[in-house]
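Structural overview for review
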Amino acid sequence: MSDWTQIEELTRMMAHALLERIVPPETCACTRETDQACDEWIRRWIARDPSLLETFSWLDPIVSRVLLARFRYATAYATMHRLAGHPLPKSSAERVLELYLIDRWYLEFRERWLSGEQGVAVSDN
């Protein structure tokens, strides 16, 4: 992966794949355990080959919902960076994925998602 377009396409592809596993919003509880399961899943996915489309049939539906939110936020940020002409950080693409799917989730995305800020609520993901 050499630019934001590839990050954007990859995260969008994964979000679309997760749409099949969505559970009703009232059953979604983003707990510490859910977040940890997402972190572990993301790290394993990155370590294998992020360009391969994953299957989610075995994945807990609530974990799938939180992963969908993470992929949607990462896609939005990749799109914003691409449109603004920002270069991809010098770190590896794998590190960029981890940064946006895990680190930024805790720094800013998670609270925004849970609060529904800017129209992105639990029910939207």
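Residues numbered from 1 in each chain as written. Predicted model: local features only at pLDDT ≥ 70, side-chain atom pairs only at ≥ 80, totals over all residues. Heavy atoms only, no water.

**A closer look at the overall build of the protein chain**
- The number of helices and strands found in the protein chain is four helices and zero strands.
- Sequence-ordered secondary structure for the protein chain, helices as α and strands as β, is α-α-α-α.
- Buried residues in the protein chain amount to 44% of all 125 residues. (Helix = DSSP H or I, 4+ residues; strand = E, 2+ residues; numbered from the N terminus. Buried < 20%, exposed > 50% of the residue type's maximum accessible area, 1.4 Å probe, protein only.)

**Quick look at the pattern of salt bridges**
- Throughout the structure, instances matching the rule amount to 11 salt bridges.
- A salt bridge links arginine 70 to aspartate 35; the shortest N-O distance between them is 3.0 Å. Here arginine 70 is found in helix 3 (residues 61-84), whereas its partner aspartate 35 is found in helix 2 (residues 32-48), with 35 residues between them in sequence. Neither arginine 70 nor aspartate 35 differs from the other in exposure class; each is buried.
- Aspartate 103 is the partner of arginine 95 in a salt bridge, and the nearest nitrogen-oxygen pair spans 2.6 Å.
- By relative accessible area, arginine 95 is classed as partly exposed at 34%.
- Given the relative accessible area of 24%, aspartate 103 is considered partly exposed.
- One salt-bridge network, held together by shared partners, links Asp35, Asp39, Arg70, Arg110 and Glu111. (Salt bridge = Lys/Arg side-chain N within 4 Å of Asp/Glu carboxyl O.)

**Here we look at helix 3**
- Here helix 3 is 24 residues long and its end C-alpha atoms lie 35 Å apart, about the 34 Å a rise of 1.5 Å per residue gives.
- The distance from a side-chain oxygen at the start of helix 3 to the backbone nitrogen of isoleucine 62 is 2.7 Å, and the residue carrying that oxygen is aspartate 60. (Expected span 1.5 Å × (residues − 1). Polar contact = N/O pair within 3.5 Å; in protein donor to acceptor, adjacent residues only side chain to side chain.)

**Re the nonpolar core**
- Formed by 32 residues in total, the largest nonpolar core has its most connected members in Trp41, Trp45, Leu67, Phe71 and Trp105.
- Of all the elements in the fold, those that place two or more residues in this core are helix 1 (4-18), helix 2, helix 3 and helix 4 (93-115).
- Residue contributions to this core peak at 10 residues, all from helix 3. (Core = buried A, V, L, I, M, F, W, Y, C linked by side-chain atoms within 4.5 Å.)

**Concerning the confidence of the model for the protein chain**
- In the predicted model, the protein chain carries a mean pLDDT of 81, and 79% of its residues have values of at least 70.
- Between the elements of the protein chain, mean pLDDT differs from a low of 86, seen in helix 1, to a high of 91, seen in helix 2.
- Low confidence marks residues 118-125, where pLDDT is under 50. Its contacts with residues over four positions away, or in another chain, come to 21 contacts. (pLDDT = per-residue confidence, 0-100. Contact = heavy atoms within 4.5 Å.)

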